[in-house]
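Topology and contacts: notes
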Amino acid sequence: MDLYSTLSGTVEPLVTRHPDRVSLFVCGPTVYDYPHLGHARTYVVFDVLAKYIRWTGKEIFYLQNITDVDDKIINRAHEEGVSQSMLARKFEAEYIRDMRSLGIDAVNYYARATTHIPEIINQVDRLVARGVAYVTGSGVYFNVDMFGGNGELSGQDATKRVSLVTDTSKHHPLDFALWKLGEFGEYTWDSPWGRGRPGWHIEDTAISEKYFGQQYDIHGGGLDLIFPHHEAEIAQMESLEGKHPMVRYWVHTGFLTVKGEKMSKSLGNFITIRDVLRTWNKDVLRYFILLSHYRSPLEATKEGIANAGRALDHIRAVAKKDTGENQNARKAFTDAMESDLNTPMALAAIQALAASGDLSALKEFGEVLGINFLHETSATLSVLQDIRAELRAKKQFDVADMIRKRMIAAGITVTDLPL
RNA sequence: GCCAAUGUGGCGGAGUGGCUACGCGGCUGACUGCAGAUCAGCUACAACCCGGUUCGAAUCCGGGCAUUGGCUCCA
């Protein structure tokens, strides 16, 4: 398939290091609060990417980190009077719960920062030994002047930029912390440089190196991580042994916006996933997300989600009778997915499949997208439907209508065909 | 200031150098025990602006503008 990489700035054919095995690493959340719709977008997109690649017959290992040691967690735990681990475990569980309720199940392994401290320390140690990191009284820092490749992803040269932060202990204002020295309560570990905790960027490279090595195929995350986070990751990993590129395919999802502004925890304009799922089910939400291309901005509005819900209802209403394969629409679907995961086009193909009654393709592709395009049926429901059909045939409309009324009240969509 | 993403019809949203995706909404008709749904058709004659290349550009090139974001934590 073709995939856009931020590194090259173009769509290019996906050529993985092993023809039939794909390694995918996606930056997970910092677990200090409930996940919001912006997270839903990013993780639904990568869920679909992984499912699609798997569907094409390749083996994929999808690894995601969980940032469970960080300033925000420390502060929040302090505010709420709970331990850091209690807070982190709670919101990690909430995150996993929300991901499940969105039908996200393509991740093979969630790796916590705090369970990879030895790997982190080891990596920092090697960076110090290589001479690209140095130790001060406040921590271990990566020396950005020592890394030539900086700025590849973002187009920004870190050594030439102006920083708002002034920390006189650092050689260069933009040098970033690999290890922060100090006592941070529960999450403080011994290290060769003294007690402390990891910097922000190091966990990803320590984790990805452990499971994938210094080079792997796809690294994903939100657009907001390109700088400085992903640049820092490249600097760290490629400084170990000079292997380049660390990753060839950097896939970044566009922002989810609210009234034109990026949804974020810091802005406080976020809608949690569970709030949305109170009104709409995961099929509607996924349909809404996939209705726009993953790199475009996506404006979250009630109207937009409701619109997606109507479109999905329509597909289900049309897809009632199985009338065989629609090869053209099947090809259109895979062509769209092959083309930089063009889900809006893929959904157009889904509509065509529904219209032509290719139910087996709808089921199969629905699994790739994580959306159920067919009406759910159960034994109980079909018995009720049969009874109603008989009653209507006998023109006993009062009883038939009463059953329909009750079914609708119970949240079941009932649509009769003309007699 | 520097860097980046985005800019298409009432709305959402694709592709493609010329042959007008698709959906939602709206309109008309058909069908229908009733709701609803479905079916057929119509609707919008759209491309941020200014230049250029071309027989032809929304699509390629140049220059602007606007919105959002990154440069501090962020999916």
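The structure reproduced in this document is the subject of the present report. (Residues numbered from 1 in each chain as written. Chains lettered and ligands numbered in written order. Predicted model: local features only at pLDDT ≥ 70, side-chain atom pairs only at ≥ 80, totals over all residues. Heavy atoms only, no water.)

Now for the overall build of chain A. Counting secondary structure elements, chain A contains 14 helices and 14 strands. Counting over 419 residues, chain A shows a buried share of 53%. Within chain A, contacts between residues at least 6 apart in sequence are counted, and of these 75% link residues at least 24 apart. For chain A, the accessible surface area stands at approximately 19100 Å², while carbon and sulfur atoms represent 54% of it. Positive and negative side-chain charges of chain A, numbering 47 and 54 respectively, have mean locations separated by a distance of 6 Å. (Helix = DSSP H or I, 4+ residues; strand = E, 2+ residues; numbered from the N terminus. Buried < 20%, exposed > 50% of the residue type's maximum accessible area, 1.4 Å probe, protein only. Contact = heavy atoms within 4.5 Å. Areas by Shrake-Rupley, 256 points an atom, 1.4 Å probe, with all protein chains shown as cover. Lys, Arg positive; Asp, Glu negative; His and termini not counted. Charge placed at Lys NZ, Arg CZ, Asp CG, Glu CD.)

Overall, mixed pairing links the three strands, which are arranged β13-β12-β14 in an open sheet. The outermost strands of the open sheet, each flanked by one partner alone, are β13 (261-262) and β14 (298-299). The pairing of strand β12 (residues 256-258) with β13 spans two bridges and is antiparallel. Paired with Thr257 across the bridge in β13 is Lys262. (Pairing = 2+ DSSP bridges.)

Moving on, we get to the packing of aromatic side chains. Given two aromatic rings, one states the distance between the centres and the angle between the planes to describe the pair. Across all of its chains, the model carries 14 aromatic pairs by this definition. Between Phe142 and Phe176, the aromatic rings sit 5.1 Å apart at their centres with planes inclined by 5 degrees, giving stacked as the arrangement. You can see Phe142 sitting in strand β7 (residues 139-142) and its partner Phe176 sitting in strand β8 (residues 176-181), a full 34 residues away along the chain. Take Phe142 and Phe176: they sit in the same class, and that class is buried. An aromatic cluster of at least three residues, connected via ring pairs, comprises Phe25, Phe61, Phe212 and Tyr216. One cation-aromatic arrangement involves Lys90 over Phe91; the distance from NZ or CZ to the ring centre is 4.9 Å. (Phe/Tyr/Trp six-rings, centres within 6.5 Å; stacked < 30°, edge-to-face > 60°. Lys NZ or Arg CZ within 6 Å of the ring centre and 35° of its normal.)

Along the chain, His201 turns up in the loop between β9 (196-198) and α5 (202-212). With relative accessibility at 6%, the residue His201 sits in the buried group. Not counting chain neighbours up to four residues away, the residues in contact with His201 comprise Phe176, Pro228, His229, Ala232, Glu233 and Gln236.

Our focus in this paragraph is the packing of helix α8 (residues 282-290) against helix α9 (residues 302-318). One way to put it is that α8 packs onto α9 with a least axis distance of 8 Å and a crossing angle of 110 degrees. When the interaxial angle is binned, α8 and α9 end up roughly perpendicular. Of α9, the residues touching α8 (which contributes Asp283, Val284, Tyr287 and Phe288) are Gly304, Ile305, Ala308, Gly309, Ala311, Leu312, Ile315 and Arg316. Looking at side-chain class alone, the contact of α8 with α9 contains eight nonpolar, two polar and two charged residues. (Axes fitted to C-alpha atoms, helices over the stretch in contact; angles between N-to-C directions. Parallel < 35°, antiparallel > 145°, perpendicular 65-115°, else oblique. Nonpolar A, V, L, I, M, F, W, Y, C, P; charged D, E, K, R; others polar.)

A few words now on the nonpolar core. Ranked by size, the top nonpolar core spans 117 residues in total, and within it Ile350, Leu369 and Phe373 carry the most contacts. Considering every element that reaches this core, the biggest residue donor is helix α1 (residues 37-55), with 11 residues. Among the domains, domain 1 (2-262) and domain 2 (303-376) are the pair contributing at least three residues each to this core. Every residue in contact with Ile350, bar those within four places of it in the chain, is listed here: Ile315, Phe333, Leu362, Phe365, Leu369 and Phe373. Counting six residues, the second largest nonpolar core, distinct from the first, contains Ala400, Ile403, Met407 and Val414. (Core = buried A, V, L, I, M, F, W, Y, C linked by side-chain atoms within 4.5 Å. Domains from an automatic or database assignment.)

Before going further, it helps to spend a moment on the sheet that holds β8. With antiparallel pairing, four strands are arranged side by side in an open sheet as β6-β7-β8-β9. Every other strand in the sheet has two partners, leaving β6 (133-135) and β9 as the edge strands with one partner each. Taking the axes of each pair of neighbouring strands and ignoring which way they run, one obtains an average angle of 20 degrees across the sheet. Of the pairings in the sheet, the one linking β7 to β8 comprises four bridges and is antiparallel in character. Looking across to β8, one finds that Val140 is bridged to Trp179. Contacting β6, β7, β8 and β9, helix α4 (residues 117-130) crosses the sheet at an angle of about 120 degrees to β8.

Nothing here speaks to function; it is geometry throughout.
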